[in-house]
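Working through the structure, step by step
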Amino acid sequence: MVADIAFWGLGLVAVISGAAVFYVDSMARATYALALSFVAVGLQVLFLQQNYVGVVTILMMVMEMAIMAVYMVMFMGMNPALTPMSMVHSNRTAVATAVLTFLVLAAGILLVDWPTRRGSPPPEVTVSLGEALMGPKMLVMAVISPVMVATIVAGVVLAAHRTRYDRFGDDLKQRTPEDPQRGGVGR
Amino acid sequence: MTLEATLLIAAAIFSVGLYGAISQQVVVMVMMGLELMINAVILAAAGFWWFLAPAPTGQVLLLVVIAAMTLEMAMGFAVATLLHRERQADMTDMATDLTR
Amino acid sequence: MGELALVQSPGVPDSPVVTVAPGWALGAVAILGALVLVAGMLDGALSARSGGGPGVGASGAARPFGEAARLMRQRRRTTVQADTLLWRVGGAGLVVTAALMVAVIPLGRWTIFDLGVGVMWFNAMDVLVWALVWLTGWGANSVHSLVGGYRFLAHGLGYELPLMFALVAPAIAAESLNVGTVAAVQDGLWFAVWMPVAFLVYLLGVAAFSVWGPFAPALGSDIAGGVRAELSGVDGLVFETGRYALLAAGAAFSVPMFLGGGAGPLLPDWAWVVVKMLAVLSLLVWLRRRLPAFRPDTFMEVGWMVLLPAVLVQDLLVAVIAVWRA
């Protein structure tokens, strides 16, 4: 009973703070409303017994939102503090689409005759996740890893405005890179 | 705590995220909408796993979703930085090169 | 479909620790408070000895009491258009985060929250500090405190990954993410002995998420106190308490992770845990004046080009030894 109430409460927090992201007037508040939504969902996942996934969600999303807030302040073309703002286009279409999506999904959720549970959870959920990743589902990890590396490279290429020619000279002969700001290990 | 309850909450989060992704003008806000939609997918997948098929390997899907989210963030920020540097653009309406 | 019975305890099968009644959480918070007080008194005594100047109020070991009394009487200042909600959340959140960290740390054989993924839990909580410190800096709507918040995030990018991989090493060796299990498998040889790099990086990480010692530029006097520039009265007291509480929680967590938990001769295991906690905490407090500050703009490279590879090599060695022993 208590678990039920807590689960519903967390769900409510997740939905309301998610909606607050697009309602509040401050970039910091919007970002951390999203973080709160993620934390609530992470805790709900803990209720669904997937401890590792739940905690990882909280860990990653709080970190990501801390960085996101910096980007928000950096890339908003207006005062990112408590000034009222409305930066939307085709608002009515968006609201209609969202409501329609929810109704269709809800109808599906309530009308479908869900099957009963097959099997029972493994005694140690986290151990079984690790064994699945390193055993039968290893291909998943093998694919995610190169995709991650490719993303890191692509992200740096897109975001960095200085190339190696800027840093090491036109013939790349310079020993120490010429950076606008020096690094911490003597470069 | 039932499957229906979990999925209804997830559907609500997803719809809010969809609204944000369609309506917001600022690139970073659009990304927040996408994040919210992925958040809903995490919850729904966790619900399906626990209530329908708690097989040992099922959670791998959740890790894939989380990985997808990090990729979305990384590339999104890279593109946002590039757009901002190249043309001082922070709005989706200022980067419509690929529309008809 | 029918309701499924929820397995209430997130516990671990054949866990080496006993989960006590939730009411004991108060006891855990009391221990944390005592550690905070000890750390504050020690820091006061050390700063009086190093001639820290006559300062306002009491000095020496009585400083935490004098400081608390002074801050409690101080009138609360506000700034124009402060984001009060976020400001208060950030300031008060540090204490709460430290308490949540302590929840998974076993005191000898007893624990409050025997979570299967306790190590990850601790890590998630220390990431919360990123958000809280930045929010404290942001909420005041003041230049200096915001600069302090950004300085902390710049440090965070540098220290967090090495800290994460330092926490990975004991988990690999113990083949478990459960804090009690990690403590239990170190009979005879402590992890601090054969994974010293991970231990040192972990201690550095603790100093970092407590905005302590070399990581204090976020609170630097060159920016008028940085994150806490506009904090006054009770808010300042709560923020400072939170910093000390994080330091204490980090020191406490190193005991089951690296220092063999309650292992030791003569004394009961809970007493050994307390002794080790105090030792690590004193070391961290003492180091505050012994290390130079890391510059936020250059620390990233130190973190990623020195600490991260060092910790990764450590993890590799630990993994190889773990496989070889199995």
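Residues numbered from 1 in each chain as written. Chains lettered and ligands numbered in written order. Predicted model: local features only at pLDDT ≥ 70, side-chain atom pairs only at ≥ 80, totals over all residues.

An unreviewed UniProt entry lists chain C under the name NADH-quinone oxidoreductase subunit H, from Ornithinimicrobium pekingense.

Per an unreviewed UniProt entry, chain A is named NADH-quinone oxidoreductase subunit J, and its organism is Ornithinimicrobium pekingense. Under Function (unreviewed entry), UniProt gives the following word-for-word description of chain A: "NDH-1 shuttles electrons from NADH, via FMN and iron-sulfur (Fe-S) centers, to quinones in the respiratory chain. Couples the redox reaction to proton translocation (for every two electrons transferred, four hydrogen ions are translocated across the cytoplasmic membrane), and thus conserves the redox energy in a proton gradient." Under the heading Subcellular location (unreviewed entry), UniProt records this for chain A: "Cell membrane". (UniProt positions renumbered as here; feature names shortened; annotations may be inferred.)

1. Looking at the UniProt feature "transmembrane region" (unreviewed entry) in chain C
Taking the numbering used here, the UniProt-annotated feature "transmembrane region" (unreviewed entry) corresponds to residues 20–42, 85–107, 119–140, 152–173, 193–212, 244–264, 270–287 and 299–324 of chain C. Summarising residues 85–107 of chain C: 83% helix, 0% strand, and an end-to-end C-alpha distance of 35 Å. (Helix = DSSP H or I, 4+ residues; strand = E, 2+ residues; numbered from the N terminus.)

2. Thoughts on the packing of helix α8 (residues 196–209) of chain C against helix α9 (residues 233–258) of chain C
The relative placement of two packed helices comes down to the angle between their axes together with the axis-to-axis distance. Residue and element names in this part refer to chain C. At their nearest, the axes of α8 and α9 sit 8 Å apart, and the two run at 160° to each other. One finds that α8 runs roughly antiparallel with respect to α9. Every pair of crossing elements has a handedness; the one defined by α8 and α9 is right-handed. Side by side, α8 and α9 meet where Phe-199, Tyr-202, Leu-203, Val-206 and Phe-209 of the first sit next to Leu-246, Leu-247, Gly-250, Ala-251, Ser-254 and Phe-258 of the second. (Axes fitted to C-alpha atoms, helices over the stretch in contact; angles between N-to-C directions. Parallel < 35°, antiparallel > 145°, perpendicular 65-115°, else oblique. Left-handed = near helix turned anticlockwise from the far one by under 90°. Contact = placed C-beta atoms within 7 Å.)

3. Some words on the UniProt feature "transmembrane region" (unreviewed entry) in chain A
Those places that UniProt annotates as "transmembrane region" (unreviewed entry) correspond, in this numbering, to residues 6–24, 31–47, 53–73, 94–112 and 138–160 of chain A. Annotated as 79% helix and 0% strand, the span residues 6–24 of chain A places its first and last C-alpha atoms 25 Å apart.

4. Some remarks on the interface of chain A and chain B
Accessible area lost when the parts come together is the quantity often used to give the size of an interface. Listed per partner, the contact involves 72 residues of chain A and 62 residues of chain B. Elements that contribute at least two residues to the side of chain A that touches chain B include exactly α1 (2–20), α2 (27–47), α3 (51–75), α4 (91–111), α5 (125–134) and α6 (138–159) of chain A. Looking at the side of chain A that touches chain B element by element, the count peaks at twelve residues for α4 of chain A. Of the residues assigned to the side of chain A that touches chain B, the class counts are 46 nonpolar, 20 polar and six charged. (Nonpolar A, V, L, I, M, F, W, Y, C, P; charged D, E, K, R; others polar.)

5. Regarding the confidence of the model for chain C
In low-pLDDT regions, the fine details of the predicted coordinates are not to be read closely. All names here are of chain C. Confidence in the prediction of chain C, expressed as mean pLDDT, is 84, and 93% of residues score 70 or more. By mean pLDDT, the top-scoring element of chain C is α8 (92), and the lowest-scoring one is strand β1 (residues 18–19) (76). Predicted confidence for residues 1–11 stays below pLDDT 50, and this span has 16 contacts to residues more than four positions away or in other chains. (pLDDT = per-residue confidence, 0-100.)

6. Comments concerning the domain arrangement of chain A
Split by domain assignment, chain A resolves into domain 1 (1–81) and domain 2 (123–182). Computed from C-alpha coordinates alone, the two centres of domain 1 of chain A and domain 2 of chain A are separated by 27 Å. (Domains from an automatic or database assignment.)

7. Some points on the packing of α8 of chain C against helix α11 (residues 296–325) of chain C
Residue and element names in this part refer to chain C. With their axes 8 Å apart at the nearest point, α8 and α11 run at an angle of 140° to one another. As summarised for this structure, α8 and α11 are arranged oblique, according to the angle between their axes. As for the relative orientation of α8 and α11, their crossing is left-handed in sense. On α11, the residues touching Val-197, Ala-198 and Val-201 of α8 are Leu-307, Ala-310, Val-311 and Gln-314. For the contact of α8 with α11, the residue count by class is six nonpolar, one polar and no charged.

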